[in-house]
Amino acid sequence: MKLIAPSILSADGGRLAEEIASVEKAGADWIHVDVMDGHFVPNITMGPAVIKALRKATRLPFDVHLMIQNPDDYIEAFAEAGADWITVHVEAATHLHRTLGQIKKAGKKAGVSLNPSTPLSSVEEILPDLDLLLIMSVNPGFGGQQFIQSSLAKIRRAAQMLAGVPTKPLLEVDGGVTLQNIAAIAGAGADVLVAGAAVFQTPDYAQTIAALKAEAHKT
Ligand code: DX5
Ligand code: ZN
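From a predicted model like this one, the values you see are computed outputs, not experimental measurements. (Residues numbered from 1 in each chain as written. Chains lettered and ligands numbered in written order. Predicted model: local features only at pLDDT ≥ 70, side-chain atom pairs only at ≥ 80, totals over all residues. Heavy atoms only, no water.)

**Points about the overall build of the protein chain**
- Helix and strand content of the protein chain: 8 helices and 8 strands.
- A compact globule built from 219 residues should have a C-alpha radius of gyration of about 17 Å, and the protein chain, at 16 Å, falls within 12% of that.
- Out of the 219 residues in the protein chain, the part that is buried amounts to 53%.
- Across the protein chain, contacts joining residues at least 24 apart in sequence account for 64% of those joining residues at least 6 apart.
- Total accessible area on the protein chain stands at roughly 9,600 Å², and carbon and sulfur atoms take up 52% of it. (Helix = DSSP H or I, 4+ residues; strand = E, 2+ residues; numbered from the N terminus. Rg over C-alpha atoms; globule rule 2.2 N^0.38 Å. Buried < 20%, exposed > 50% of the residue type's maximum accessible area, 1.4 Å probe, protein only. Contact = heavy atoms within 4.5 Å. Areas by Shrake-Rupley, 256 points an atom, 1.4 Å probe, with all protein chains shown as cover.)

In structure tokens form, the structure reads like this:
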């Protein structure tokens with residue numbers, strides 16, 4: 001099953017609750033929430049207080065992507081705010097095994113994300129501890145960027161790597177996913193497809209999400 005996770009980074013920031021309710025109604029599977037701190041990435045978005053307020057807008061899982069330094073300091077706060085999946089960046093976590101344990105201790109699903117330049121080998125030792133592996137197919141920080149083509153081969157290798165893990169972590173892809181390339185990305189083995197601009201910059205979310213799902217299930 002291929003899941004579509006609209007990224008609210010590209011939604012209308014003045015009407016976030018409404019936008020979330022709209023994509024839920026339109027058939028979204030998860031809500032992807034990008035948290036940026038202005039240090040790990042050159043952009044700043046939202047923190048736990050806003051996520052807590054948005055939690056009331058939907059029953060869909062909140063897929064919280066932490067693009068922040070020192071993620072250990074904030075995991076409890078995001079868990080309490082209503083995150084269901086918490087993903088940290090391997091490049092920002094010094095003691096990744098401990099960080100993943102902290103997420104699970106908070107009762108949440110634990111994910112790890114890799115920047116485009118970070119090799120898959122950086123997570124080799126902690127594969128059995130993962131609920132989700134997030135492959136970035138753009139350099140994180142902004143919505144609407146172009147998919148980095150070499151990511152396809154990396155996604156394929158990641159899928160092979162995860163297939164051998166007994167707990168079967170999900171493979172998520174984030175960045176530059178469009179109606180034109182989603183079939184290839186899903187075909188390479190992605191389970192969860194994040195789509196920001198590809199959803200929120202279209203007039204009819206239901207039509208867009210249905211089209212993305214149809215393409216994703218083509219292969
Ligand atoms: C980028 C974020 C993405 C972003 C994706 O740093 O992590 O989730 O919102 O946006 P699109 O789908 O527009 O590339
Ligand atoms: Zn993201």
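**Some words on helix α5 (residues 151-163)**
- Over its 13 residues, α5 runs 18 Å from end to end, which matches the ideal 18 Å to within 8%, given 1.5 Å per residue.
- Buried residues of α5: S151, L152, K154, I155, A158 and L162, and no others. Looking down the long axis of α5, one finds its buried residues gathered within 155° of arc, a one-sided arrangement.
- Buried residues belonging to α5 abut β5 (109-114), β6 (132-136), β7 (170-174) and α6 (182-187). (Expected span 1.5 Å × (residues − 1). Arc of directions from axis to C-beta.)

**Structural notes on the pairing of strand β2 (residues 31-36)**
- Counting buried positions along β2 gives 6 out of 6 residues, so the element sits mostly inside the fold.
- The handedness of the β2 to strand β3 (residues 62-67) crossover, carried by helix α2 (residues 48-54), is right-handed. (Right-handed = clockwise from strand over helix to strand, strands pointing away.)

**A few points about the coordination of the zinc ion (ligand 2)**
- Taken together, the protein donors to the zinc ion (ligand 2) comprise H32 (NE2), D34 (OD), H65 (ND1) and D174 (OD), at separations of 2.0 to 2.3 Å.
- Its 6 donor atoms give the zinc ion (ligand 2) angles of 71 to 170° at the centre, a pattern that matches the octahedral case.
- Between consecutive donors of the zinc ion (ligand 2), the numbers of intervening residues give the motif H-x1-D-x30-H-x108-D. Residue H65 is located in strand β3, and its partner D174 is located in strand β7; the two are separated by 109 residues in the primary sequence. A single burial state applies to H65 and to D174, both of which are buried. (Donors = N, O, S within 2.8 Å, 3.2 Å for Na, K, Ca; no water. Tetrahedral: all angles 85-135°; square planar, octahedral: opposite > 155°, others 65-115°.)

**Considerations on the sheet that holds strand β1 (residues 3-6)**
- Judged by pairing direction, the sheet is parallel, and its 8 strands sit side by side in the order β1-β8-β7-β6-β5-β4-β3-β2 without closing on themselves. Each end of this open sheet is capped by a strand with a single partner; those strands are β1 and β2. Strand-to-strand twist across the sheet, computed as the mean angle between neighbouring axes with direction ignored, equals 25°.
- Where helix α4 (residues 96-105) meets the sheet, it contacts β4 (85-89) and β5, and its direction lies at approximately 145° from that of β5. (Pairing = 2+ DSSP bridges. Axes fitted to C-alpha atoms, helices over the stretch in contact; angles between N-to-C directions.)

**Points about the site of ligand 1**
- Neighbouring ligand 1 are 20 residues; S7, D34, G141, G144 and D174 lie closest to it.
- Considering ligand 1 on its own, with 380 Å² of exposed area, one finds that the protein chains cover 99% of that surface.
- Going through the elements one at a time, β2, β3 and β8 (192-195) are the ones with two or more residues in the shell around ligand 1.
- The leading source of residues in the shell around ligand 1 is β2, at 3 residues.
- Of the residues that constitute the shell around ligand 1, the class distribution is 9 nonpolar, 9 polar and 2 charged. (Near = heavy atom within 4 Å. Nonpolar A, V, L, I, M, F, W, Y, C, P; charged D, E, K, R; others polar.)

Treat this as a map of the structure, not an account of what it does.
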